[in-house]
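# Fold and geometry: a report
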Amino acid sequence: MACHNPSCLGNYDFERVAFFARKRFVEGCSTIELMEQATSEREKQEIALVSLLDIEDDRIRGLRLSCSFDSQCKAN
């Protein structure tokens, strides 16, 4: 999955994103289970990012995402 704005990382902690990816794809937790266990809005966003890893590239290209960090974005 290629990022069209490589300067934009959304201020996410990618160690936490990797943690949720391991829970989802290695340990087999469902996205719903992870969402239910999330303790913050930030964790829910990170889990949502992980869920996108399970979508084919052609479908990802068609998505139009809005970012909650637009005002701070270096890519704008």
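Placed above this text is the structure.
Predicted model, so just to flag it, every value in this text is computed and none were measured. Each chain has its residues counted from 1, running along the sequence as written. Local features in this predicted model are restricted to residues of pLDDT 70 or higher, and side-chain atom pairs are both shown and tallied only at a pLDDT of 80 or more, whereas totals for entire chains, interfaces and linings draw on every residue. Think of the side-chain values as coming from all heavy atoms in the structure, minus any hydrogens and water.

### Things to note about the packing of aromatic side chains
Stated precisely, the cut-off is as follows: Under the pairing criterion, centres of Phe, Tyr and Trp rings, with the six-membered ring standing for Trp, must be within 6.5 Å; the plane angle then separates stacked pairs below 30 degrees from edge-to-face pairs above 60, leaving the rest tilted. Whether a charge lies above a ring is judged from NZ of Lys or CZ of Arg, which has to be within 6 Å of the ring centre and within 35 degrees of the ring normal.
Considering all chains together, one arrives at one aromatic pair under this definition. Ring centres 5.2 Å apart and planes at 70° place the aromatic pair Phe19 and Phe20 in the edge-to-face group. Cation over ring: Arg24 sits above Phe25, and NZ or CZ is 5.0 Å from the ring centre.

### Some remarks on the pattern of salt bridges
The condition is simple: Salt bridge, as applied in this entry: a Lys or Arg side-chain nitrogen positioned within 4 Å of an Asp or Glu carboxyl oxygen. For the purposes of this entry, the term helix denotes a DSSP run of H or I that reaches at least four residues, the term strand denotes a run of E that reaches at least two, and both are numbered from the N terminus. Using a 1.4 Å probe on the protein chains alone, a residue whose accessible area is under 20% of its type maximum counts as buried, one over 50% counts as exposed, and one in between counts as partly exposed.
Following the criterion strictly, the structure yields two salt bridges and no others. In this structure, Arg16 engages Glu43 in a salt bridge whose closest nitrogen and oxygen atoms are separated by 3.0 Å. With Arg16 in helix α1 (residues 14-26) and Glu43 in helix α3 (residues 41-51), this pair connects stretches of sequence that are 27 residues apart. By relative accessible area, Arg16 is classed as partly exposed at 29%. Since its relative accessible area comes to 16%, Glu43 is described here as buried. Linking Glu27 and Lys23 is a salt bridge whose minimum nitrogen-to-oxygen distance equals 3.4 Å. A relative accessible area of 53% means that Glu27 is categorised as exposed.

### Comments concerning a nonpolar patch on the surface
Quick reminder of the rule: Surface patches are drawn from residues lacking salt bridges whose relative accessible area is over 30%; two like charges belong together within 9 Å, two nonpolar side chains (Val, Leu, Ile, Met, Phe, Trp, Tyr) within 5 Å. Working definition of accessibility: Shrake-Rupley area with a 1.4 Å probe, residue cover restricted to the visible protein chains.
A cluster of nonpolar side chains, contributed by Phe25, Val26 and Leu53, occupies part of the molecular surface with about 310 Å² of accessible area. Mapped onto the secondary structure, Leu53 falls in the loop between α3 and α4 (57-61).

### Description of the environment of Cys29
We count it as follows: The contact definition used throughout considers only heavy atoms, calling two residues in contact when any of these lie within 4.5 Å.
The topology assignment puts Cys29 in the loop between α1 and α2 (31-37). The contact partners of Cys29, leaving out residues within four places of it in the chain, are Lys23, Arg24 and Leu34.

### As for the environment of Lys23
Here is the rule we go by: Two N or O atoms form a polar contact when they lie within 3.5 Å of each other; inside protein one atom must be a possible hydrogen donor and the other a possible acceptor, and for residues adjacent in sequence the pair counts only when both atoms belong to side chains.
Mapped onto the elements, Lys23 comes out in helix α1. Spatially, the C-alpha atoms of Lys23 and Ile47 are 9.9 Å apart, while their sequence positions differ by 24 residues. Not counting residues within four places of it along the chain, the set of residues in contact with Lys23 comprises Gly28, Cys29 and Leu34. Engagement of the side chain of Lys23 in a polar contact is seen with the side chain of Glu27, the distance being 3.4 Å.

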